[in-house]
Amino acid sequence: MNYEIIVVGGGHAGIEASLAAARMGKQTLLITILAEQIGAASCNPAIGGLAKGHLVKEIDALGGQMGLTTDAVGIQFRVLNESKGPAVRGSRAQIDMDRYRVYMRNLLLNTPNLEISQEIATEILSENGEVTGVKTHLNNVYNAKKVIITTGTFLNGLIHVGFNKLEAGRVGELSAKDLSGSLRELGLNLGRLKTGTCPRIDAKTINFEILEKQDGDAKPVAFSFRTKNFSPMQLPCYIAYTNETTHEIIRSNFDKAPLFTGQIEGIGPRYCPSIEDKINRFGDRDRHHLFIEPQTLEATEYYINGFSTSLPYEVQVQMLRSVKGFENAKIVRHGYAIEYDYVEPTQLRHSLETKKVKGLYLAGQINGTTGYEEAGAQGLMAGINAALSLDNKEPLILRRDEAYIGVLIDDLVTKGTKEPYRMFTSRAEYRLLLREENAILRLGGYGHELGLLDDETFNEIEAIRQNLKDGLAYLNNTQITPSKQNLELLASLDEEPISQNVSLQKIVARKSFTAEKLRKLDQKFANLDDASVDQILTECKYQHYINEQKNQIEKMKDMMDVKIPENFDFRGVSGLSNEVVEKLEKFAPPTLFAASEISGITPAAIDILHIYIKMNEKRLG
């Protein structure tokens, strides 16, 4: 019954946490309510999307699992925003939700150093402010120095369908009720959030002929850098629309909507509202998109994305059948809303360890986020940092300029959230540096150093890095003249002529310049792999802006790296206002940069802290 790390919860966060810990050589136990539901897609059968795709790519670059499994069981792959710049594109895949969970469960069961126990965690055990283990509903006590809680929507979960309420973490699965009380007893502040899911429809009752068909990309791109020979079988999705009849049915049943009757107390996701919330807030809209997504390769059930609801079952049937193509639709699984407890994330360090209890880590929806990808990213970081802590090593804290994961965690622990937090590209101030395709270059070194990426994979990444460095140097340092030979070359590439000497970089930076043209431009690029060519092309096109962002980061580097000692006496620093001191004491930022991200902390206060810390280091050193 003795382990090094215990993970509670077998969702997307729990999977990444337990795999990372076990793969880093730690004896790990995963406690989950139902073993067959490990990795279940509670909501939509898809992975990735705008900004979320970035998170999956970063999980993969660090040696996580989500991208690899998605590639193995995906049934449609698309790049969203493909016509826009590379910083805001997002990879998305429909998954076979049944095969996804079976794949993940079998993977975990076959992972060395990892055990699984089907139980309900009821109490987090601790002594003298330090975690010691977990107690379950079977009165089993499991001892560990590190515990990671990844409970998703199961923490005191309550499902709503009309006036009906059901204590559950997901339909058909028990709620983890006692654990909330245990967290409170440890001194943690909890809040209440709400999310929801959409009805699932029997495929044979849908008239697909009158729906808009949406195919996957002709040349699908894998999520994982480690996936080879990628050629998935792809199924189409479809698009349908609500109409004024649908809206009127919903409006006439507002009095039965738990969201409006006061039955639901938790705050729902602003950016993914229920259909009744959409009709209430956007009453001027004539229609709303519905995305009809297959749930498995057999396509026997379809998920109606955009139709999340907690209205009574009979109302769900009425409003669904008012949509063209769904006149005879039969609901297999009804939509519902679910409320659950979460821990206010400002009580966490950037390592995702709680400030109140040493060795206790939280990851996923328990920290106020929504989405599989946000959960997986946190779970991976919690697993990594728990393992590093056991080895008395510094935690891995990704900066905001290094990764979307860094933005996600920094936002949570310094700003907190009162509504389900979702990742957007707009949240990342350095998003031009944090592109999907360069995640391996940004984070692959960490994955390899941690032992989560093998030597062969790392060597491939380093080869791309060297190709990029050499290619950029060559293009920047090679000038071409408007000679007859060069003008003929440009004409053969269907490029505008030049009238003066320019670097090759200026040519490649043109909007019209493609990977195919780069290979023809110079023999040096003819046989380069696709990943290297894409990196060179992107860096050339955005070189000016990339350099500007890098210069900004260099200027901030000193401040980013200055650590604030633990238990630092902010009240002993003269010149700080009481308001600033109170916020610094509350959030306990680990670095000056983290302090600068706290709302209300002025640049003047950061300067004072900087001077004080440097003077103190000189005095002590």
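Here, the structure is the one placed above.
Keep in mind it's a predicted model, so treat the numbers as computed, not measured.

J.: Can you tell me about the overall build of the chain, naming the residues and giving the values?
T.: Along the backbone of the chain there are 21 helices and 23 strands. In terms of overall size, the chain behaves like a compact globule, its C-alpha atoms giving a radius of gyration of 26 Å where 621 residues would be expected to give roughly 25 Å. Its C-alpha atoms give the chain principal-axis dimensions of about 80 × 75 × 50 Å. Counting across all 621 residues of the chain, residues that qualify as buried make up 57%. Of the contacts formed within the chain by residues at least 6 apart in sequence, a portion of 72% connects residues at least 24 apart. Counting every atom, the chain has about 26,600 Å² of accessible surface; 47% of that belongs to carbon and sulfur. Between the mean site of the 72 positive side-chain charges and the mean site of the 81 negative ones, the chain shows a separation of 2 Å.

J.: I'd love a proper account of the sheet that holds strand β9 (residues 141–143), names of residues and values included.
T.: Strand order in the open sheet formed by three strands is β7-β8-β9, with antiparallel pairing between adjacent strands. The strands lining the two open edges of the sheet, one partner per strand, are β7 (121–127) and β9. Ignoring which end each strand starts from, the neighbouring axes of this sheet average 30° apart. Alignment of β7 against strand β8 (residues 130–136), held across six bridges, turns out to be antiparallel. Considered in β8, the bridge of Ile124 is made with Val134.

J.: If you had to explain the pattern of salt bridges to someone new, which residues and values would you point to?
T.: Here the structure, examined in full by the defined rule, presents 38 salt bridges. Glu373 is the partner of Lys52 in a salt bridge, and the nearest nitrogen-oxygen pair spans 3.3 Å. Of the two residues, Lys52 sits in helix α2 (residues 52–61) while Glu373 sits in helix α10 (residues 372–390), which places them 321 residues apart along the sequence. The residue Glu293 makes a salt bridge to Arg92 at a minimum N-O spacing of 3.2 Å. Taken as a pair, Glu293 in strand β17 (residues 289–294) and Arg92 in strand β5 (residues 90–95) lie far apart in primary sequence, 201 residues in all. Overall, Glu293 belongs to the buried group, its relative accessible area being 2%. Overlapping salt bridges bring together Arg400, Asp410, Asp411, Lys415 and Glu429 as one network.

J.: Residues and numbers for the sheet that holds strand β13 (residues 190–197), please.
T.: Judged by pairing direction, the sheet is antiparallel, and its four strands sit side by side in the order β12-β11-β20-β13 without closing on themselves. Two strands lie at the open edges of the sheet, namely β12 (164–167) and β13, each paired on one side alone. Neighbour to neighbour, the strand axes of the sheet diverge by 25° on average, direction disregarded. Relative to β12, strand β11 (residues 158–161) runs antiparallel, the two sharing four bridges. Pairing of Leu158 across the sheet is with Glu167, part of β12.

J.: Give a detailed account of unusual backbone geometry, specifying residues and quantitative values.
T.: One non-glycine residue, Asn113, adopts positive backbone phi at about 75°. The backbone phi angle of Asn139 is positive, close to 65°, even though this residue is not glycine. Its location among the elements puts Asn139 in the loop between β8 and β9. According to the relative accessible area criterion, Asn139 is exposed, its value standing at 57%.

J.: So what's going on with helix α11 (residues 404–415)? Which residues, and what values?
T.: Taking 1.5 Å per residue, twelve residues should reach 16 Å; α11 reaches 16 Å between its end C-alpha atoms and fits that length. Counting buried positions over the twelve residues of α11 gives eleven, a clear majority of the element. Inspection of α11 places Tyr404, Ile405, Gly406, Val407, Leu408, Ile409, Asp410, Asp411, Leu412, Val413 and Thr414 among the buried residues, and these make up the whole buried set. A positive backbone phi angle near 70° is found at Gly416, which sits one or two residues after α11.

J.: Lay out the packing of aromatic side chains with the relevant residues and their values.
T.: Centre-to-centre distance and the angle between the planes together describe a pair of aromatic rings. Following the criterion strictly, the structure yields nine aromatic pairs and no others. Aromatic pair Phe77 and Phe230: ring centres 4.9 Å apart, planes at 90°, arrangement edge-to-face. Taken together, the residues span a long stretch of sequence, with Phe77 in strand β4 (residues 74–80) and Phe230 in the loop between β15 (212–214) and β16 (237–241) at a distance of 153 residues. The buried category is assigned to Phe77, whose relative accessible area is 2%. Measuring from centroid to centroid gives 6.4 Å for Tyr238 and Tyr302, while their planes differ by 65°, and the two rings are edge-to-face. Of this pair, Tyr238 sits in strand β16 while Tyr302 sits in strand β18 (residues 301–305), and the two are 64 residues apart along the sequence. Residue classification places Tyr302 among the buried residues on the basis of a relative accessible area of 6%.

Cut-offs and rules
- Residues numbered from 1 in each chain as written.
- Predicted model: local features only at pLDDT ≥ 70, side-chain atom pairs only at ≥ 80, totals over all residues.
- Heavy atoms only, no water.
- Helix = DSSP H or I, 4+ residues; strand = E, 2+ residues; numbered from the N terminus.
- Rg over C-alpha atoms; globule rule 2.2 N^0.38 Å.
- Buried < 20%, exposed > 50% of the residue type's maximum accessible area, 1.4 Å probe, protein only.
- Contact = heavy atoms within 4.5 Å.
- Areas by Shrake-Rupley, 256 points an atom, 1.4 Å probe, with all protein chains shown as cover.
- Lys, Arg positive; Asp, Glu negative; His and termini not counted.
- Charge placed at Lys NZ, Arg CZ, Asp CG, Glu CD.
- Pairing = 2+ DSSP bridges.
- Axes fitted to C-alpha atoms, helices over the stretch in contact; angles between N-to-C directions.
- Salt bridge = Lys/Arg side-chain N within 4 Å of Asp/Glu carboxyl O.
- Expected span 1.5 Å × (residues − 1).
- Phe/Tyr/Trp six-rings, centres within 6.5 Å; stacked < 30°, edge-to-face > 60°.

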